[in-house]
Amino acid sequence: MHLLTLLLFAAPLLSYAQDFESTCLALKSTLDQSTDADLAGTTILDVSYVSSNTTLEPLGSGCPMPPPQASVPLCRVQFTTQTSPTSAVTAEAWLPEEWYGRFLTAGNGGLSGCIFYDMLQSGSALHFATISHNAGHDGFSGLPFLNNPEVLLDFSSRAVHVSTVVGKAITRELYRRPASKAYFAGCSAGGRQGAHSALYHPSDFDGILVGSPATDWNRLMHWMGMTARAVGAGPSQGYESAPEFLTRDLWDVVSQEILKQCDGLDGLEDGIIAQPDKCEFKPEVLLCSDADEACVAPATLEGELRCVESNANMTAPCLTPKQVAALNTIYSPLIDAETGELLYPRLDPGSEAIPIYFAGLPFTGVFPMLTSEWFQYAVKNVSTYDFSSYGPADGRLADEINPGGIATWSGDFSAFRDRGGKFLTYHGSGDWIIPSGNSKRMYELVASTLYAPSTSNLKEQSPFTATPEKYDQMDSFYSCGQSNNQIQRPEKTPNTIFQIFPTRN
Ligand SMILES: [Ca+2]
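Cut-offs and rules
- Residues numbered from 1 in each chain as written.
- Predicted model: local features only at pLDDT ≥ 70, side-chain atom pairs only at ≥ 80, totals over all residues.
- Buried ≥ 20, exposed ≤ 12 C-beta atoms within 10 Å, placed from the backbone.
- Helix = DSSP H or I, 4+ residues; strand = E, 2+ residues; numbered from the N terminus.
- Pairing = 2+ DSSP bridges.
- Right-handed = clockwise from strand over helix to strand, strands pointing away.
- Axes fitted to C-alpha atoms, helices over the stretch in contact; angles between N-to-C directions.
- Parallel < 35°, antiparallel > 145°, perpendicular 65-115°, else oblique.
- Left-handed = near helix turned anticlockwise from the far one by under 90°.
- Contact = placed C-beta atoms within 7 Å.

Peer 1: I'm lost on the pairing of strand β8 (residues 181-187) in this one. Help?
Peer 2: For β8, the tally of buried residues reaches six of seven residues, placing the bulk of the element in the interior. Of the strand pairs in this sheet, strand β6 (residues 102-106) and β8 are connected by five bridges, and their pairing is parallel. From the neighbouring strand, L104 faces β8, where its bridge partner is Y183. Direction of pairing for β8 relative to strand β9 (residues 207-211): parallel, over a ladder of five bridges. In the strand pairing of β9, C187 is matched with G211. Traced from β8 through helix α5 (residues 189-200) to β9, the parallel crossover comes out right-handed.

Put into C-alpha coordinates, the structure is as follows:
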(Lines give C-alpha, C1' and ligand atoms only; values in the text may rest on other atoms or scores of the structure.)
Protein backbone atom coordinates (compact mmCIF):
# COMPACT_ATOMS: atom_id res chain seq x y z
CA MET A 1 0.00 0.00 0.00
CA HIS A 2 2.77 2.35 0.94
CA LEU A 3 4.64 1.46 -2.21
CA LEU A 4 1.53 2.13 -4.30
CA THR A 5 1.07 5.49 -2.61
CA LEU A 6 4.66 6.32 -3.30
CA LEU A 7 4.35 5.38 -6.92
CA LEU A 8 1.14 7.36 -7.34
CA PHE A 9 2.86 10.48 -6.08
CA ALA A 10 6.25 9.79 -7.57
CA ALA A 11 4.99 9.35 -11.11
CA PRO A 12 3.73 12.94 -11.57
CA LEU A 13 6.89 14.28 -9.94
CA LEU A 14 9.05 12.24 -12.28
CA SER A 15 6.97 13.40 -15.18
CA TYR A 16 7.31 17.03 -14.09
CA ALA A 17 11.07 16.66 -13.76
CA GLN A 18 11.28 15.18 -17.23
CA ASP A 19 9.03 17.94 -18.55
CA PHE A 20 11.24 20.58 -16.95
CA GLU A 21 14.40 19.07 -18.34
CA SER A 22 12.98 18.79 -21.84
CA THR A 23 11.49 22.29 -21.67
CA CYS A 24 14.86 23.57 -20.54
CA LEU A 25 16.73 21.80 -23.30
CA ALA A 26 14.29 23.20 -25.85
CA LEU A 27 14.70 26.71 -24.48
CA LYS A 28 17.56 27.71 -26.74
CA SER A 29 15.48 27.05 -29.79
CA THR A 30 12.49 28.75 -28.14
CA LEU A 31 14.56 31.83 -27.36
CA ASP A 32 16.26 31.92 -30.75
CA GLN A 33 12.83 31.99 -32.41
CA SER A 34 11.22 34.34 -29.93
CA THR A 35 9.84 37.64 -31.17
CA ASP A 36 9.95 39.15 -27.70
CA ALA A 37 11.30 42.68 -28.18
CA ASP A 38 13.15 42.43 -24.88
CA LEU A 39 15.38 39.77 -26.42
CA ALA A 40 16.47 41.95 -29.34
CA GLY A 41 20.25 42.11 -29.53
CA THR A 42 20.64 39.04 -27.34
CA THR A 43 22.48 35.91 -28.38
CA ILE A 44 21.84 32.76 -26.41
CA LEU A 45 25.24 31.18 -25.96
CA ASP A 46 24.14 27.97 -24.31
CA VAL A 47 21.29 26.35 -22.44
CA SER A 48 21.80 23.31 -20.28
CA TYR A 49 19.90 21.32 -17.70
CA VAL A 50 21.86 21.02 -14.46
CA SER A 51 21.22 18.34 -11.84
CA SER A 52 21.53 19.10 -8.15
CA ASN A 53 25.00 19.29 -6.57
CA THR A 54 26.80 19.76 -9.85
CA THR A 55 30.15 21.45 -10.36
CA LEU A 56 30.19 23.72 -13.41
CA GLU A 57 32.59 25.56 -15.66
CA PRO A 58 32.44 29.34 -15.24
CA LEU A 59 31.71 31.64 -18.15
CA GLY A 60 34.19 34.36 -19.08
CA SER A 61 37.82 34.90 -18.29
CA GLY A 62 39.97 36.84 -15.87
CA CYS A 63 37.94 35.92 -12.83
CA PRO A 64 39.81 33.23 -10.90
CA MET A 65 37.41 31.60 -8.50
CA PRO A 66 36.43 28.16 -7.23
CA PRO A 67 34.34 26.21 -9.75
CA PRO A 68 30.68 27.23 -9.54
CA GLN A 69 28.35 24.84 -7.78
CA ALA A 70 24.67 24.33 -8.45
CA SER A 71 22.90 22.88 -5.45
CA VAL A 72 19.42 22.40 -6.93
CA PRO A 73 18.22 21.18 -10.33
CA LEU A 74 17.95 24.11 -12.71
CA CYS A 75 18.03 25.36 -16.24
CA ARG A 76 21.24 27.28 -16.92
CA VAL A 77 21.11 29.92 -19.66
CA GLN A 78 24.20 31.77 -20.80
CA PHE A 79 23.65 34.84 -22.93
CA THR A 80 25.22 37.99 -24.25
CA THR A 81 23.44 41.20 -25.14
CA GLN A 82 24.87 43.87 -27.38
CA THR A 83 24.63 47.24 -25.65
CA SER A 84 26.28 49.28 -28.41
CA PRO A 85 28.34 48.55 -31.52
CA THR A 86 31.42 48.26 -29.30
CA SER A 87 30.10 46.73 -26.08
CA ALA A 88 28.09 43.84 -24.73
CA VAL A 89 26.99 42.35 -21.43
CA THR A 90 27.46 38.66 -20.77
CA ALA A 91 25.27 36.98 -18.21
CA GLU A 92 23.86 33.77 -16.83
CA ALA A 93 20.38 32.90 -15.66
CA TRP A 94 19.95 30.02 -13.22
CA LEU A 95 16.32 29.03 -13.35
CA PRO A 96 15.42 26.51 -10.69
CA GLU A 97 13.11 23.62 -11.37
CA GLU A 98 11.22 24.45 -8.19
CA TRP A 99 10.40 28.10 -8.83
CA TYR A 100 8.46 30.26 -6.42
CA GLY A 101 7.71 32.90 -9.03
CA ARG A 102 10.34 35.42 -7.99
CA PHE A 103 13.22 36.97 -9.93
CA LEU A 104 16.58 38.11 -8.56
CA THR A 105 19.44 40.07 -10.08
CA ALA A 106 22.81 39.81 -8.34
CA GLY A 107 25.17 42.77 -8.06
CA ASN A 108 28.91 42.87 -8.76
CA GLY A 109 31.79 44.24 -6.67
CA GLY A 110 34.78 46.55 -7.04
CA LEU A 111 35.64 47.10 -10.69
CA SER A 112 34.57 43.55 -11.28
CA GLY A 113 33.27 42.19 -14.50
CA CYS A 114 32.76 38.78 -12.97
CA ILE A 115 29.60 36.74 -12.85
CA PHE A 116 28.73 36.24 -9.20
CA TYR A 117 28.27 32.48 -9.04
CA ASP A 118 27.80 32.32 -5.27
CA MET A 119 24.64 34.35 -5.59
CA LEU A 120 23.46 32.36 -8.59
CA GLN A 121 23.78 29.30 -6.39
CA SER A 122 22.14 30.75 -3.30
CA GLY A 123 19.43 32.55 -5.27
CA SER A 124 18.43 29.47 -7.23
CA ALA A 125 18.57 27.34 -4.07
CA LEU A 126 16.07 29.78 -2.55
CA HIS A 127 13.87 29.21 -5.62
CA PHE A 128 14.53 32.57 -7.29
CA ALA A 129 15.07 32.76 -11.02
CA THR A 130 18.48 34.37 -10.58
CA ILE A 131 20.74 36.23 -12.98
CA SER A 132 24.24 37.59 -12.71
CA HIS A 133 26.23 39.47 -15.34
CA ASN A 134 29.76 40.65 -16.06
CA ALA A 135 28.95 44.40 -15.92
CA GLY A 136 30.13 44.67 -19.50
CA HIS A 137 33.68 43.38 -19.19
CA ASP A 138 35.54 40.32 -17.96
CA GLY A 139 37.97 40.36 -15.05
CA PHE A 140 38.69 42.49 -11.99
CA SER A 141 40.57 45.28 -13.74
CA GLY A 142 39.35 48.64 -14.98
CA LEU A 143 41.65 48.40 -18.00
CA PRO A 144 38.74 47.58 -20.38
CA PHE A 145 37.41 51.13 -19.74
CA LEU A 146 40.44 52.64 -21.47
CA ASN A 147 39.36 54.24 -24.75
CA ASN A 148 36.02 52.48 -24.61
CA PRO A 149 33.32 54.74 -23.19
CA GLU A 150 30.60 52.21 -24.03
CA VAL A 151 32.20 49.56 -21.81
CA LEU A 152 32.50 52.20 -19.12
CA LEU A 153 28.84 53.06 -19.55
CA ASP A 154 27.88 49.41 -19.12
CA PHE A 155 29.81 49.26 -15.86
CA SER A 156 28.53 52.57 -14.56
CA SER A 157 24.88 52.43 -15.41
CA ARG A 158 23.69 50.11 -18.18
CA ALA A 159 24.58 46.46 -17.53
CA VAL A 160 22.21 45.85 -14.63
CA HIS A 161 19.20 47.20 -16.48
CA VAL A 162 19.92 45.47 -19.77
CA SER A 163 20.64 42.06 -18.27
CA THR A 164 17.63 42.32 -15.98
CA VAL A 165 15.26 43.04 -18.85
CA VAL A 166 16.67 40.10 -20.81
CA GLY A 167 16.73 37.85 -17.75
CA LYS A 168 13.07 38.53 -17.09
CA ALA A 169 12.22 37.70 -20.71
CA ILE A 170 14.12 34.39 -20.50
CA THR A 171 12.35 33.62 -17.24
CA ARG A 172 8.94 34.26 -18.88
CA GLU A 173 9.81 31.97 -21.77
CA LEU A 174 10.86 29.06 -19.58
CA TYR A 175 8.07 29.13 -17.04
CA ARG A 176 5.43 30.49 -19.43
CA ARG A 177 4.54 33.28 -17.02
CA PRO A 178 6.27 36.41 -15.77
CA ALA A 179 7.87 36.66 -12.36
CA SER A 180 5.49 37.97 -9.74
CA LYS A 181 8.18 40.03 -8.02
CA ALA A 182 11.68 41.14 -8.98
CA TYR A 183 14.50 41.82 -6.54
CA PHE A 184 18.07 43.05 -6.58
CA ALA A 185 20.76 42.14 -4.05
CA GLY A 186 24.30 43.44 -4.03
CA CYS A 187 27.07 44.71 -1.81
CA SER A 188 29.72 47.42 -2.12
CA ALA A 189 29.89 48.33 -5.82
CA GLY A 190 26.91 45.98 -6.15
CA GLY A 191 25.17 48.11 -3.53
CA ARG A 192 25.76 51.15 -5.69
CA GLN A 193 24.22 49.29 -8.62
CA GLY A 194 21.10 48.71 -6.53
CA ALA A 195 20.83 52.36 -5.57
CA HIS A 196 21.39 53.33 -9.20
CA SER A 197 18.59 51.01 -10.29
CA ALA A 198 16.17 52.54 -7.79
CA LEU A 199 17.08 56.04 -8.97
CA TYR A 200 17.21 55.56 -12.71
CA HIS A 201 15.37 52.32 -13.51
CA PRO A 202 12.66 52.33 -10.86
CA SER A 203 10.52 49.77 -12.70
CA ASP A 204 13.17 47.07 -12.78
CA PHE A 205 12.75 45.86 -9.20
CA ASP A 206 10.12 45.62 -6.49
CA GLY A 207 12.67 45.21 -3.73
CA ILE A 208 16.31 46.19 -3.51
CA LEU A 209 18.73 44.97 -0.84
CA VAL A 210 22.11 46.65 -0.75
CA GLY A 211 25.01 46.22 1.65
CA SER A 212 27.66 48.87 2.24
CA PRO A 213 26.66 50.65 -0.96
CA ALA A 214 29.47 52.44 -2.78
CA THR A 215 27.29 55.45 -3.50
CA ASP A 216 29.02 58.75 -4.29
CA TRP A 217 31.45 56.50 -6.12
CA ASN A 218 33.94 59.09 -7.34
CA ARG A 219 34.29 60.51 -3.84
CA LEU A 220 34.81 57.02 -2.43
CA MET A 221 37.61 56.38 -4.91
CA HIS A 222 39.13 59.76 -4.05
CA TRP A 223 38.82 59.19 -0.29
CA MET A 224 40.54 55.86 -0.63
CA GLY A 225 43.39 57.47 -2.57
CA MET A 226 43.77 60.34 -0.11
CA THR A 227 43.65 57.95 2.84
CA ALA A 228 46.42 55.89 1.31
CA ARG A 229 48.44 59.01 0.58
CA ALA A 230 48.04 60.19 4.18
CA VAL A 231 49.73 57.05 5.44
CA GLY A 232 52.56 57.18 2.95
CA ALA A 233 51.31 55.32 -0.12
CA GLY A 234 53.11 55.99 -3.35
CA PRO A 235 52.76 54.72 -6.88
CA SER A 236 54.84 51.62 -6.37
CA GLN A 237 56.49 49.42 -3.80
CA GLY A 238 59.15 50.95 -1.61
CA TYR A 239 57.17 53.70 0.07
CA GLU A 240 57.44 51.95 3.40
CA SER A 241 60.22 54.46 4.11
CA ALA A 242 57.77 57.39 3.94
CA PRO A 243 57.75 59.11 7.34
CA GLU A 244 53.97 58.69 7.66
CA PHE A 245 54.03 54.97 6.96
CA LEU A 246 52.99 52.61 9.76
CA THR A 247 54.13 49.03 9.82
CA ARG A 248 51.61 46.27 10.45
CA ASP A 249 52.96 45.95 14.00
CA LEU A 250 52.34 49.63 14.61
CA TRP A 251 48.81 49.33 13.24
CA ASP A 252 48.18 46.62 15.81
CA VAL A 253 49.32 49.05 18.49
CA VAL A 254 47.01 51.71 17.08
CA SER A 255 44.11 49.32 16.97
CA GLN A 256 44.61 48.28 20.58
CA GLU A 257 44.78 51.93 21.63
CA ILE A 258 41.55 52.70 19.77
CA LEU A 259 39.89 49.84 21.57
CA LYS A 260 41.24 51.11 24.87
CA GLN A 261 39.91 54.61 24.27
CA CYS A 262 36.58 53.74 22.70
CA ASP A 263 35.38 50.28 23.73
CA GLY A 264 33.61 51.57 26.84
CA LEU A 265 31.75 54.39 25.07
CA ASP A 266 28.86 52.05 24.34
CA GLY A 267 28.54 51.22 28.02
CA LEU A 268 30.29 47.87 27.94
CA GLU A 269 33.95 46.99 27.71
CA ASP A 270 33.55 43.88 25.62
CA GLY A 271 36.04 44.35 22.79
CA ILE A 272 33.31 45.82 20.60
CA ILE A 273 33.18 49.43 19.49
CA ALA A 274 29.44 49.41 18.97
CA GLN A 275 29.19 53.15 18.42
CA PRO A 276 32.23 54.20 16.39
CA ASP A 277 30.69 57.62 15.75
CA LYS A 278 31.30 58.46 19.40
CA CYS A 279 34.96 57.50 19.17
CA GLU A 280 37.27 60.52 19.02
CA PHE A 281 40.54 58.69 18.93
CA LYS A 282 43.54 60.61 20.29
CA PRO A 283 46.66 59.09 18.71
CA GLU A 284 48.91 61.58 20.54
CA VAL A 285 49.10 59.26 23.53
CA LEU A 286 51.18 56.95 21.34
CA LEU A 287 53.86 59.56 20.62
CA CYS A 288 57.36 58.34 21.29
CA SER A 289 58.38 59.79 24.60
CA ASP A 290 61.60 61.23 23.31
CA ALA A 291 59.98 62.91 20.33
CA ASP A 292 61.88 66.14 20.62
CA GLU A 293 61.09 69.53 19.26
CA ALA A 294 63.00 69.00 16.04
CA CYS A 295 60.87 65.95 15.49
CA VAL A 296 57.59 67.73 16.17
CA ALA A 297 58.42 70.45 13.65
CA PRO A 298 61.21 69.09 11.49
CA ALA A 299 62.91 71.93 9.70
CA THR A 300 65.25 69.77 7.70
CA LEU A 301 65.31 66.42 6.00
CA GLU A 302 67.81 65.37 8.63
CA GLY A 303 65.25 66.20 11.29
CA GLU A 304 62.58 64.10 9.58
CA LEU A 305 64.89 61.14 9.35
CA ARG A 306 65.79 61.46 13.01
CA CYS A 307 62.09 61.25 13.88
CA VAL A 308 61.68 58.02 11.91
CA GLU A 309 64.75 56.60 13.54
CA SER A 310 63.53 57.55 16.97
CA ASN A 311 60.47 55.44 16.27
CA ALA A 312 62.47 52.46 15.06
CA ASN A 313 64.89 52.52 17.96
CA MET A 314 62.35 52.72 20.75
CA THR A 315 62.08 49.69 22.97
CA ALA A 316 58.28 50.00 23.17
CA PRO A 317 56.24 50.63 19.99
CA CYS A 318 55.37 54.29 19.56
CA LEU A 319 54.59 56.81 16.85
CA THR A 320 56.42 59.75 15.38
CA PRO A 321 54.60 63.08 15.11
CA LYS A 322 54.15 62.55 11.39
CA GLN A 323 52.52 59.22 12.00
CA VAL A 324 50.25 60.78 14.61
CA ALA A 325 49.35 63.51 12.14
CA ALA A 326 48.57 60.88 9.51
CA LEU A 327 46.21 59.11 11.90
CA ASN A 328 44.48 62.36 12.78
CA THR A 329 43.97 62.88 9.06
CA ILE A 330 42.43 59.52 8.27
CA TYR A 331 40.21 59.42 11.36
CA SER A 332 38.76 62.79 10.35
CA PRO A 333 36.37 63.37 7.45
CA LEU A 334 37.88 64.31 4.12
CA ILE A 335 37.21 68.03 3.65
CA ASP A 336 37.75 70.21 0.60
CA ALA A 337 40.31 72.68 1.90
CA GLU A 338 39.15 75.40 -0.48
CA THR A 339 35.41 75.23 0.08
CA GLY A 340 35.15 73.53 3.45
CA GLU A 341 32.77 71.00 1.91
CA LEU A 342 32.69 67.53 3.39
CA LEU A 343 33.88 65.28 0.60
CA TYR A 344 33.62 61.95 2.34
CA PRO A 345 33.23 60.58 5.90
CA ARG A 346 36.15 59.35 7.94
CA LEU A 347 37.50 55.86 8.35
CA ASP A 348 35.56 54.10 11.10
CA PRO A 349 37.80 53.76 14.16
CA GLY A 350 38.27 50.05 14.71
CA SER A 351 37.99 49.08 11.08
CA GLU A 352 41.75 49.44 10.66
CA ALA A 353 42.09 45.98 12.21
CA ILE A 354 40.56 44.32 9.17
CA PRO A 355 43.19 42.30 7.34
CA ILE A 356 42.41 43.44 3.81
CA TYR A 357 43.75 46.91 4.59
CA PHE A 358 47.16 45.29 4.65
CA ALA A 359 46.72 43.30 1.47
CA GLY A 360 46.51 45.79 -1.34
CA LEU A 361 44.47 48.54 0.22
CA PRO A 362 45.45 51.79 1.90
CA PHE A 363 47.92 50.66 4.52
CA THR A 364 50.46 48.81 2.41
CA GLY A 365 52.39 51.79 1.11
CA VAL A 366 51.09 51.12 -2.39
CA PHE A 367 48.48 53.34 -4.01
CA PRO A 368 45.20 51.34 -3.99
CA MET A 369 44.33 49.61 -7.21
CA LEU A 370 40.65 50.56 -7.14
CA THR A 371 41.46 54.26 -7.08
CA SER A 372 44.39 54.07 -9.46
CA GLU A 373 42.58 52.04 -12.11
CA TRP A 374 39.37 54.04 -11.84
CA PHE A 375 41.21 57.33 -12.05
CA GLN A 376 43.60 56.26 -14.78
CA TYR A 377 41.27 54.32 -17.09
CA ALA A 378 37.91 55.97 -16.45
CA VAL A 379 38.56 59.56 -15.29
CA LYS A 380 41.74 60.45 -17.16
CA ASN A 381 41.46 57.76 -19.85
CA VAL A 382 45.23 57.40 -20.14
CA SER A 383 47.43 54.32 -20.27
CA THR A 384 49.89 55.63 -17.67
CA TYR A 385 49.58 58.06 -14.78
CA ASP A 386 51.95 59.13 -12.03
CA PHE A 387 50.12 58.88 -8.72
CA SER A 388 52.99 60.27 -6.67
CA SER A 389 51.36 63.70 -6.79
CA TYR A 390 47.72 62.55 -6.53
CA GLY A 391 45.75 65.12 -4.58
CA PRO A 392 42.60 67.27 -4.21
CA ALA A 393 42.60 68.46 -7.82
CA ASP A 394 42.34 64.85 -9.00
CA GLY A 395 39.28 64.35 -6.82
CA ARG A 396 37.64 67.45 -8.22
CA LEU A 397 38.33 66.24 -11.77
CA ALA A 398 36.69 62.89 -11.02
CA ASP A 399 33.63 64.70 -9.67
CA GLU A 400 33.48 66.90 -12.73
CA ILE A 401 33.80 64.12 -15.29
CA ASN A 402 31.74 61.58 -13.35
CA PRO A 403 32.54 58.80 -15.85
CA GLY A 404 29.48 57.04 -17.19
CA GLY A 405 27.30 58.88 -14.68
CA ILE A 406 28.51 56.55 -11.97
CA ALA A 407 28.31 58.89 -8.96
CA THR A 408 24.92 57.60 -7.72
CA TRP A 409 24.43 60.49 -5.38
CA SER A 410 20.84 61.63 -5.49
CA GLY A 411 18.15 61.48 -2.85
CA ASP A 412 15.27 61.39 -5.29
CA PHE A 413 14.02 57.85 -4.90
CA SER A 414 10.46 59.12 -5.37
CA ALA A 415 9.69 57.17 -8.55
CA PHE A 416 10.79 53.92 -6.93
CA ARG A 417 8.96 54.70 -3.70
CA ASP A 418 5.77 55.75 -5.48
CA ARG A 419 5.53 52.48 -7.34
CA GLY A 420 5.73 50.66 -4.00
CA GLY A 421 9.39 49.71 -4.19
CA LYS A 422 11.18 48.70 -0.99
CA PHE A 423 14.81 49.68 -0.45
CA LEU A 424 16.72 48.06 2.39
CA THR A 425 20.35 48.83 3.10
CA TYR A 426 22.82 47.79 5.80
CA HIS A 427 26.40 48.71 6.52
CA GLY A 428 28.95 47.12 8.83
CA SER A 429 30.68 49.59 11.10
CA GLY A 430 33.86 47.67 10.45
CA ASP A 431 33.47 47.62 6.70
CA TRP A 432 36.61 46.75 4.78
CA ILE A 433 36.52 49.59 2.35
CA ILE A 434 33.57 51.92 2.70
CA PRO A 435 33.11 54.02 5.85
CA SER A 436 29.74 53.40 7.44
CA GLY A 437 29.26 57.18 7.70
CA ASN A 438 28.53 57.20 4.00
CA SER A 439 25.37 55.17 4.47
CA LYS A 440 24.19 57.58 7.16
CA ARG A 441 25.03 60.42 4.82
CA MET A 442 23.07 58.74 2.05
CA TYR A 443 20.13 58.17 4.35
CA GLU A 444 20.10 61.84 5.28
CA LEU A 445 20.23 62.81 1.60
CA VAL A 446 17.27 60.58 0.78
CA ALA A 447 15.38 61.61 3.92
CA SER A 448 15.81 65.32 3.24
CA THR A 449 14.77 64.86 -0.38
CA LEU A 450 11.72 62.75 0.39
CA TYR A 451 10.80 64.55 3.62
CA ALA A 452 11.33 61.42 5.67
CA PRO A 453 12.59 61.46 9.29
CA SER A 454 16.29 62.16 9.73
CA THR A 455 18.38 59.57 11.54
CA SER A 456 18.32 61.70 14.68
CA ASN A 457 14.50 61.60 14.78
CA LEU A 458 13.90 57.95 14.07
CA LYS A 459 11.84 56.20 16.74
CA GLU A 460 10.74 52.64 17.27
CA GLN A 461 7.20 53.74 16.41
CA SER A 462 8.19 55.30 13.14
CA PRO A 463 7.08 53.67 9.93
CA PHE A 464 10.70 52.82 9.37
CA THR A 465 11.01 49.29 10.59
CA ALA A 466 14.61 49.59 11.67
CA THR A 467 16.54 52.33 13.37
CA PRO A 468 20.28 52.75 13.63
CA GLU A 469 20.07 52.52 17.41
CA LYS A 470 18.10 49.34 17.34
CA TYR A 471 20.62 47.58 15.20
CA ASP A 472 23.82 49.01 16.57
CA GLN A 473 24.43 45.86 18.52
CA MET A 474 23.78 43.47 15.68
CA ASP A 475 26.80 41.49 14.74
CA SER A 476 25.31 38.95 12.41
CA PHE A 477 26.06 40.89 9.25
CA TYR A 478 29.62 41.40 8.14
CA SER A 479 31.07 43.05 5.18
CA CYS A 480 30.60 41.95 1.62
CA GLY A 481 31.40 38.33 1.04
CA GLN A 482 32.74 37.60 4.50
CA SER A 483 31.60 34.77 6.67
CA ASN A 484 32.20 34.26 10.36
CA ASN A 485 35.27 32.14 10.00
CA GLN A 486 36.96 34.37 7.45
CA ILE A 487 37.25 37.51 9.48
CA GLN A 488 39.51 37.86 12.45
CA ARG A 489 37.30 40.02 14.57
CA PRO A 490 33.72 39.34 13.56
CA GLU A 491 32.46 40.50 16.92
CA LYS A 492 33.84 43.94 16.19
CA THR A 493 31.66 44.71 13.24
CA PRO A 494 28.33 46.00 14.54
CA ASN A 495 25.96 47.19 11.90
CA THR A 496 23.55 49.86 11.01
CA ILE A 497 20.46 49.07 9.00
CA PHE A 498 18.15 51.51 7.35
CA GLN A 499 14.94 50.68 5.63
CA ILE A 500 14.53 53.77 3.59
CA PHE A 501 10.95 53.17 2.60
CA PRO A 502 8.34 52.29 5.17
CA THR A 503 6.65 48.93 4.92
CA ARG A 504 3.05 49.86 4.35
CA ASN A 505 1.64 46.48 3.52
CA1 LIG B 1 32.05 48.07 23.84
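Next comes the rest of the description.
Peer 1: Can you walk me through the pairing of strand β5 (residues 87-96) in this structure?
Peer 2: Every other side chain in a regular strand lies on the same face of the sheet, so the side chains alternate between the two faces. With ten of ten residues buried, β5 is to be regarded as a mostly interior element. Here β5 shows no split at all, with S87, V89, A91, A93 and L95 on one side and A88, T90, E92, W94 and P96 on the other all buried. Bridge count between strand β4 (residues 74-84) and β5: ten bridges; the pairing is antiparallel. Paired with Q82 across the two strands is A88, which belongs to β5. The antiparallel hairpin formed by β4 and β5 contains two residues in its connecting segment. Examined bridge by bridge, β5 and strand β7 (residues 128-133) share four bridges and lie antiparallel to one another. Looking at the pairing, W94 lines up with T130 of β7.

Peer 1: I tried to follow the packing of helix α6 (residues 217-230) against helix α11 (residues 369-380) on my own but got confused; where do I start?
Peer 2: Helix-helix packing is characterised by the crossing angle of the two axes and by the distance between the axes. Interhelical geometry of α6 versus α11 gives an angle of 125° and a closest axis separation of 8 Å. Judged on the interaxial angle alone, α11 and α6 are oblique. For the pair α6 and α11, the sense of crossing is left-handed. Contact residues: α6 offers M221, M224 and G225, while α11 offers L370, T371, W374 and F375.

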